[in-house]
Amino acid sequence: MLKKITAVMIPLLFSIVLVFVGTFLGCIKTGGKTVPEEKEKIVVGFSQLGAESDWRSSNTESMKEALSSKNGYSLIFEDGQQKQANQITAIRMFIQQEVDYIVLAPVTETGWDTVLQEAKNAGIPVIIVDRMVDVEDEDLFTCWVGSDFELEGKKVVEWLNRYVTLKNVPAKDIHIVNIQGNLGASAQLGRTKALADAVEKYGWDLLAEVPGDFTQAKAREVMDGLLGVYDNINVVYCENDNEAFGAIEAIEAAGKKVGMDIANGEIMVVSFDGVNQEALDYVSENKIACIAECNPLHGPRVQAIIELLEAGKMPDKFAYVQEKLLASDTTVTQVVVDGVNYEVTFLESTKTATEAAEKVTE
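Quick caveat, the model's predicted, so the values are computed rather than measured.

Draft legend 1. Layout of the overall build of the chain. Within the chain, the secondary structure is distributed over 11 helices and 14 strands. For the chain, the residues scored as buried account for 47% of the 362 residues in total. Nonlocal contacts in the chain, meaning residues at least 24 apart in sequence, comprise 71% of its contacts between residues at least 6 apart. When the accessible area of the chain is evaluated, it comes to approximately 18100 Å², of which 52% is carbon and sulfur surface.

Draft legend 2. Up close: the sheet that holds strand β13 (residues 334-337). The strand order across the open sheet formed by eight strands is β7-β6-β8-β9-β10-β12-β14-β13, and the pairing between neighbours is mixed. Since the sheet does not close on itself, it has two edges, and those belong to β7 (205-211) and β13, each with one partner. For this sheet the average axis-to-axis angle between neighbouring strands, irrespective of direction, equals 20°. As defined by bridge partners, strand β9 (residues 268-273) adjoins strand β10 (residues 290-293) across four bridges and the pair is classed as parallel. Looking at the pairing, F272 lines up with A292 of β10.

Draft legend 3. Main features of the nonpolar core. Core analysis: the biggest nonpolar cluster contains 32 residues, and W159, W204, Y237 and M268 have the highest contact counts within it. At the level of secondary structure, the elements contributing two or more residues to this core comprise α5 (149-166), α6 (186-202), β8 (235-238), β9, β10, β12 (325-327), β13 and β14 (340-346). Of all the elements, α5 adds the most residues to this core, at six residues. Counting residues in each nonpolar core, the second largest holds 28 residues, with I179, M223, A250 and L326 among its members.

Draft legend 4. The arrangement of the packing of aromatic side chains in detail. Counting across every chain of the model gives eight aromatic pairs. Arranged with centres 5.3 Å apart and planes meeting at 15°, the rings of W159 and Y163 form a pair that is stacked. Of this pair, W159 and Y163 both sit in helix α5, four residues apart, roughly one helical turn. Y163 gets classed as buried once you look at its relative accessible area, which sits at 6%. Ring geometry for Y237 and F272: centres 5.5 Å apart, planes at 75°, overall edge-to-face. Of this pair, Y237 sits in strand β8 while F272 sits in strand β9, and the two are 35 residues apart along the sequence.

Draft legend 5. Seen up close, empty space enclosed by the protein. Inspection of every chain in the model, using the stated rule, returns one cavity of 30 Å³ or more. Approximately 90 Å³ is the volume found for the largest cavity. Lining the largest cavity are 13 residues; nearest its centre among them are W55, R56, A187, R191 and D273. Secondary-structure elements contributing two or more residues to the lining of the largest cavity are α2 (54-66) and α6.

Draft legend 6. A look at α2. Between its first and last C-alpha, α2 extends 18 Å over 13 residues, near the 18 Å set by a 1.5 Å rise per residue. By the burial criterion, the buried members of α2 are W55, R56, N59, T60, S62, M63 and A66. The arc that holds the buried residues of α2, viewed along the axis, is 160°, so those residues lie on one side. Each element contacted by the buried residues of α2 is listed here: β1 (42-48), β2 (73-79), β3 (101-104), β9 and α10 (299-310).

Draft legend 7. Representation of the sheet that holds β3 in the model. Here six strands make up an open sheet; going across it, the order is β2-β1-β3-β4-β5-β11 and the pairing parallel. Either end of the sheet is taken by a strand with one partner, and the two such strands are β2 and β11 (318-320). With strand direction ignored, the average angle separating the axes of adjacent strands in the sheet is 20°. Looking at chain direction, strand β4 (residues 126-129) and strand β5 (residues 143-146) are connected through three bridges and run parallel. Bridging from a neighbouring strand, I127 pairs with C143 of β5.

Draft legend 8. Broad picture of the environment of F46. Relative to the helices and strands, F46 resides in strand β1. For the pair F46 and D79, spaced 33 residues apart in sequence, the C-alpha to C-alpha distance is 8.6 Å. Those residues within four positions of F46 in sequence are excluded, and the remaining contacts are N59, M63, L75, I76, F77, E78, F94, V103, A105 and V129.

Draft legend 9. Region of interest: the packing of helix α7 (residues 216-229) against helix α8 (residues 241-253). At a minimum axis distance of 7 Å, the contact between α7 and α8 shows a crossing angle of 40°. Comparing the axis directions of α7 and α8 gives the class oblique. At the point where α7 passes α8, the crossing takes the right-handed sense. Where α7 abuts α8, its residues Q216, A219, R220, M223, D224 and L227 lie against N242, E243, F245, G246, A247, E249, A250, I251 and A253.

Draft legend 10. View of the confidence of the model for the chain. Mean pLDDT over the chain: 89, with 86% of residues reaching 70 or higher. Predicted confidence is poor over residues 1-36, with pLDDT under 50, and the contacts of this stretch with residues over four places away or in other chains come to three contacts. Below a pLDDT of 50 lies the segment residues 350-362, which in the model reaches three contacts outside its immediate sequence neighbourhood of four places, other chains included.

Draft legend 11. Inspection of the side chain of S68 at higher detail. As for its position among the elements, S68 is in the loop between α2 and β2. Judged by its relative accessible area of 14%, S68 is buried.

Criteria and thresholds
- Residues numbered from 1 in each chain as written.
- Predicted model: local features only at pLDDT ≥ 70, side-chain atom pairs only at ≥ 80, totals over all residues.
- Heavy atoms only, no water.
- Helix = DSSP H or I, 4+ residues; strand = E, 2+ residues; numbered from the N terminus.
- Buried < 20%, exposed > 50% of the residue type's maximum accessible area, 1.4 Å probe, protein only.
- Contact = heavy atoms within 4.5 Å.
- Areas by Shrake-Rupley, 256 points an atom, 1.4 Å probe, with all protein chains shown as cover.
- Pairing = 2+ DSSP bridges.
- Axes fitted to C-alpha atoms, helices over the stretch in contact; angles between N-to-C directions.
- Core = buried A, V, L, I, M, F, W, Y, C linked by side-chain atoms within 4.5 Å.
- Phe/Tyr/Trp six-rings, centres within 6.5 Å; stacked < 30°, edge-to-face > 60°.
- 1 Å grid on protein atoms, 1.4 Å probe; cavity = no way out; pocket = protein on both sides within 12 Å on 5 of 7 lines; lining within 4 Å.
- Points joined across faces, edges and corners; volume = space filled by probe spheres on them.
- Expected span 1.5 Å × (residues − 1).
- Arc of directions from axis to C-beta.
- Parallel < 35°, antiparallel > 145°, perpendicular 65-115°, else oblique.
- Left-handed = near helix turned anticlockwise from the far one by under 90°.
- pLDDT = per-residue confidence, 0-100.

Set out below in structure tokens:
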């Protein structure tokens, strides 16, 4: 009988000791707290093209917030500093690190075929954000999410056409300069094309097109030069808000007035993005007449795409973001582009808002 009890008790006691030791060691490692087993994080390599504008900074922050550790991701971020070579190097590094996904915000459209083929050979899905890539085989990337830059441009030029028509300003009296973005970038190509098509369609006078690199400093330099060459500029088409800020600085420094009364010497500025309060304030102050919104918050969209892929589902190949058209004047309430109506969102001027508040007080 004693032998039977001993035979049962020894293994039991041994098991209890093992459990105790394991618990003790676990308490040492975790400070006595019970910690559940951590789920393996999804590793994402993100090659951002740079930090040239407020839009880009907002885009980067959106990606970092969505693909954060608390959301179950391990994000490897690389700033390309406006150089395609840096981005290609980053992608190859991601491949070597065997990340789960690669996200690319390309500085330009072309020149990606080889490195994307390398990612495909490694079995790593590639998600393109913001600007597009021009490759021979679209299977080299999984999907793209971003804005329709040509549509943004079409909205702005249709707004301009409606405005000058309603104000009885002849087409021959519209003298435009275009401060372009980085040449070859999707945003530049789409917005420039929209303006070129409108100039041909409506008979406007396009005086010059000069790259401003999407930066405030470069745009001010460019605008200063254009004002020295042309004395009849009355519309400045800036391909992002930072360029608009720089252009406005140059116009005001030259002693000229920014505004919407182009028939009487003011210079109208139109722009793209609308991502920060300064740009919206400029609309309210009539310094920027019209902005086509370009939404930079792609982080949650990329997160949703990855979640679909993790679930074994395929996202849409191309996902366009819906965006608004903002204006500082109620003259134009909607524009029609390719048979589709787009409402114009009016941002009440600071002066009007103040006057209204004073009347309420009285």
